[in-house]
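Examining the three-dimensional arrangement
The residues making up each chain are set out below.
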Amino acid sequence: RRAKSGTFYVERTTDDAQDDDDNSHPSSHEYDDDAEHIPYRADVYPQEEMIARSEAFHMMMQKRRTVRFFTDRPIPRTIIENVLYAAGASPSGANSQPWTYVVVSNPATKAEIRDIIEAEERINYERRMGDAWVKELRILKTSWRKPHLETAPYVIVVLRQLYGVRSDGSRKNYYYTDISVAISVGILLAGLQNVGLVTTTTTPLNAGPALRKLLQRPANERVMLLLPVGYAAEDATVPPLRRKSLDEQFLWV
Ligand code: IYR
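Structural notes, computed from the coordinates. As the structure is a prediction and not an experimental result, all values here were calculated from the model.

1. Things to note about the sheet that holds strand β5 (residues 198-199)
The strand order β1-β2-β6-β5 describes an open sheet built from four strands, whose pairing is antiparallel. Of all strands in the sheet, those bounded by a partner on one side alone are β1 (99-104) and β5. Pairing geometry for β1 and strand β2 (residues 154-161), over six bridges, is antiparallel. Residue pairing across strands places threonine 100 opposite leucine 159, the latter belonging to β2. On the sheet, helix α2 (residues 77-88) packs against β1, β2 and β6 (221-230) and is oriented at approximately 170 degrees with respect to β1. Along the sheet, helix α3 (residues 107-128) contacts β1, β2 and β6; its crossing angle with β1, the most-contacted strand, is approximately 115 degrees.

Shown next as structure tokens:
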């Protein structure tokens, strides 16, 4: 694990956790009173500042759009690293951190990813998805053709770990892996928006196994989605989508 020493507290890895299967209190359904806890101090702001910050964050995120048109302008790796580190600080079921982010910048690998996805997506769009679904996507101007997977300087492949593997090869239970990875990706998307980069949340049906093989990822991992990351093209366009009304989205009880 790469850690900028001093900037964040790196928890022990699951492999280091010798006492994960601690049965010293087998009959107890209470938590361990003796478990080590360390102090936590949240950053607290004056209410005026809380309002200003919440408005600023909302305005920033309200501008986020899924973009399908990228430039090939390079992006310093540090920026992508920082965005990923934020995503890696997400909450997860029993702190399993069940995600693997594979960051692809090698042009040959990006080309192979594109080939794999286009081959499957062609079948998806032409046969598997069905007319009603494909028709609904027409306004998005999405199709089986994915040139942006090569144009964008980075393609982040997000994998979910179904279970953990200890150093002795035994399996470790993971919990809520779907929602854990989804939350982490949400933070990643916010991090990209925060630095002015765009992405296309790409969910290629049936392409997972071939991508997993290409990237030589182990059997406990499943491809969840791909995120080409780059600057939006100067002439990028998006459909004029409308967000649901507040009443449709939020209930106050
Ligand atoms: N997964 C395909 C098709 C697609 C499906 C939905 I639902 C979208 O909102 C957009 C695209 C793809 O990635 O092109």
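2. Focus: the environment of threonine 177
Mapped onto the elements, threonine 177 comes out in helix α6 (residues 177-194). Threonine 177 gets classed as buried once you look at its relative accessible area, which sits at 8%. Distance from threonine 177 to arginine 160, taken between C-alpha atoms, is 6.8 Å for residues 17 residues apart in sequence. Not counting residues up to four positions away in its chain, the partners in contact with threonine 177 are Pro98, Arg160, Gln161 and Leu162. Within the local environment of threonine 177, its side chain forms a polar contact with the side chain of arginine 160, the two groups lying 2.8 Å apart.

3. Considerations on the packing of aromatic side chains
In this structure the tally under the stated criterion is zero aromatic pairs. Above the plane of the ring of tyrosine 45 lies arginine 53, whose end atom (NZ or CZ) is 4.1 Å from the centre. Across the ring face of tyrosine 231, the terminal group of arginine 73 is positioned such that the distance to the ring centre comes to 4.1 Å.

4. Remarks on the site of the ligand
Taken together, the neighbourhood of the ligand is formed by Arg68, Glu121, Tyr125, Met129, Trp133, Leu137, Leu140, Thr142, Lys146, Thr202 and Thr203. Interatomic distance of 3.1 Å between a side-chain N/O atom of glutamate 121 and an oxygen atom of the ligand. Take threonine 203: an N or O atom from its main chain is 2.8 Å from a nitrogen atom of the ligand. In the complex, the protein chains occlude 72% of the 370 Å² of accessible area that the ligand would expose alone.

5. A word on the nonpolar core
Ranked by internal contacts, the top residues of the largest apolar core, which has 19 residues, are Tyr101, Ile156, Leu188 and Leu227. Counting residues per element, this core draws most heavily on α6, which supplies five residues. When sequence neighbours within four positions are dropped, the list of residues in contact with tyrosine 101 reads Leu84, Ala87, Ile156, Val157, Val158, Val181, Ser184, Val185 and Leu188. In this structure, Val102, Leu149, Val157 and Leu159 belong to the second largest nonpolar core, which totals 14 residues.

6. With respect to a negative patch on the surface
A cluster of acidic residues, Glu30, Asp32, Asp33 and Asp34, forms a negative patch on the protein surface. Using a relative accessible area of 66% as the deciding quantity, one classes glutamate 30 as exposed.

7. Describing the environment of isoleucine 79
If you trace the backbone, isoleucine 79 turns up in helix α2. For the pair formed by isoleucine 79 and glycine 191, sequence separation is 112 residues and the distance between their alpha carbons is 9.6 Å.

8. Topic: α3
An ideal rise of 1.5 Å per residue puts 32 Å on 22 residues; α3 measures up with 29 Å between its terminal C-alpha atoms. Among the residues of α3, Thr109, Lys110, Ile113, Ile116, Ile117, Glu118, Glu120, Glu121, Asn124 and Tyr125 are the ones counted as buried. Tucked into the core, α3 has its buried residues touching β1, α4 (131-136), α5 (148-151), β2, α7 (208-214) and β6. Between a side-chain oxygen at the N-terminus of α3 and the backbone nitrogen of alanine 108 the separation is 2.8 Å; the capping residue is asparagine 106. Of the residues one or two after α3, glycine 130 is the one with positive phi, at around 85 degrees.

9. Concerning the side chain of serine 92
Here serine 92 shows up in the loop between α2 and β1. A residue is classified by how much of its surface remains accessible, and serine 92, at 17% relative accessible area, is buried. When sequence neighbours within four positions are dropped, the list of residues in contact with serine 92 reads Gln97, Pro98, Trp99 and Ser180.

Parameters and conventions
Residues numbered from 1 in each chain as written. Predicted model: local features only at pLDDT ≥ 70, side-chain atom pairs only at ≥ 80, totals over all residues. Heavy atoms only, no water. Pairing = 2+ DSSP bridges. Helix = DSSP H or I, 4+ residues; strand = E, 2+ residues; numbered from the N terminus. Contact = heavy atoms within 4.5 Å. Axes fitted to C-alpha atoms, helices over the stretch in contact; angles between N-to-C directions. Buried < 20%, exposed > 50% of the residue type's maximum accessible area, 1.4 Å probe, protein only. Polar contact = N/O pair within 3.5 Å; in protein donor to acceptor, adjacent residues only side chain to side chain. Phe/Tyr/Trp six-rings, centres within 6.5 Å; stacked < 30°, edge-to-face > 60°. Lys NZ or Arg CZ within 6 Å of the ring centre and 35° of its normal. Near = heavy atom within 4 Å. Areas by Shrake-Rupley, 256 points an atom, 1.4 Å probe, with all protein chains shown as cover. Core = buried A, V, L, I, M, F, W, Y, C linked by side-chain atoms within 4.5 Å. Patch = residues over 30% accessible without salt bridge, like charges linked within 9 Å, V, L, I, M, F, W, Y side chains within 5 Å. Salt bridge = Lys/Arg side-chain N within 4 Å of Asp/Glu carboxyl O. Lys, Arg positive; Asp, Glu negative; His and termini not counted. Charge placed at Lys NZ, Arg CZ, Asp CG, Glu CD. Expected span 1.5 Å × (residues − 1).

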